[in-house]
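Okay, here's what each chain looks like letter by letter:
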Amino acid sequence: AVVSTQSTGIIEESKGSATIVKVLSSKGTSKGISEGLKVMRKKLPDTAAVIFAVKDDNVFFHCLVPKKVSAAHSLRADEWVASFSSLFNAKCGGKDLYAQGSGTGDSSKIENAIETAKKFVDAKIN
C-alpha cells in the first residue's frame, strides 16, 4: 500500500513531464515498482519512466517507454537501463518498451544512477 501511495504522489508531481526518474522512498520490491508503473501507464500515457526501489543492499529498477515516445525519440527501455545498470552489477532484461533489472548498491550508487539515467534520456528527448 505504501508503494502505491508513493506512485500516486509521483504521478501527481510529474503531470506534464516527458520523463520521470525517481526512487521509491520506502523499502520497495520489483513487484511494487511493476504495480506502480501499471498505474503510471494509465495516468501518464506519454511519459517515459525509470523507477528505482531499494531494500537493504538490493536495488530494483523498472523502465517504461511508451510506444509513441520510443518512435519519436529513438528511446529504448533496454538501452536506458543499460546506461546505469553496471553501477549495480545488475542483471537486466527487457525490450524497447519495457525493461527491468536488479543488483546491489548503496545510496551513493543510486544518486549516480539517477544522474546517469537523466543524462541519457535528456540526450534523447531534448
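Model, not experiment: these values are computed from the prediction. (Residues numbered from 1 in each chain as written. Predicted model: local features only at pLDDT ≥ 70, side-chain atom pairs only at ≥ 80, totals over all residues. Heavy atoms only, no water.)

(A) Structural view of the pattern of salt bridges. For the structure on display, the rule yields 6 salt bridges. We note a salt bridge from Glu35 to Lys38, for which the minimum N-O separation is 3.6 Å. Taken together, the positions of Glu35 and Lys38, both in helix H2 (residues 30-43) and 3 residues apart, correspond to about one turn of that helix. Residue class for Glu35 comes out partly exposed when judged on its relative accessible area of 39%. Its salt-bridge partner being Asp46, residue Lys68 comes within 3.5 Å of it at the nearest N-O pair. Here Lys68 is found in helix H3 (residues 67-73), whereas its partner Asp46 is found in the loop between H2 and strand S2 (48-55), with 22 residues between them in sequence. (Salt bridge = Lys/Arg side-chain N within 4 Å of Asp/Glu carboxyl O. Helix = DSSP H or I, 4+ residues; strand = E, 2+ residues; numbered from the N terminus. Buried < 20%, exposed > 50% of the residue type's maximum accessible area, 1.4 Å probe, protein only.)

(B) Quick look at helix H5 (residues 107-125). Over its 19 residues, H5 extends 27 Å from the first C-alpha to the last, a length consistent with the 27 Å expected when each residue adds 1.5 Å. As for H5, its buried residues are in contact with strand S1 (19-23), S2, strand S3 (58-64), H3 and helix H4 (77-82). (Expected span 1.5 Å × (residues − 1). Contact = heavy atoms within 4.5 Å.)

(C) View of the environment of Phe120. Of note, Phe120 is situated in helix H5. Residues Phe120 and Ser17, 103 residues apart in the sequence, show an inter-C-alpha distance of 16 Å.

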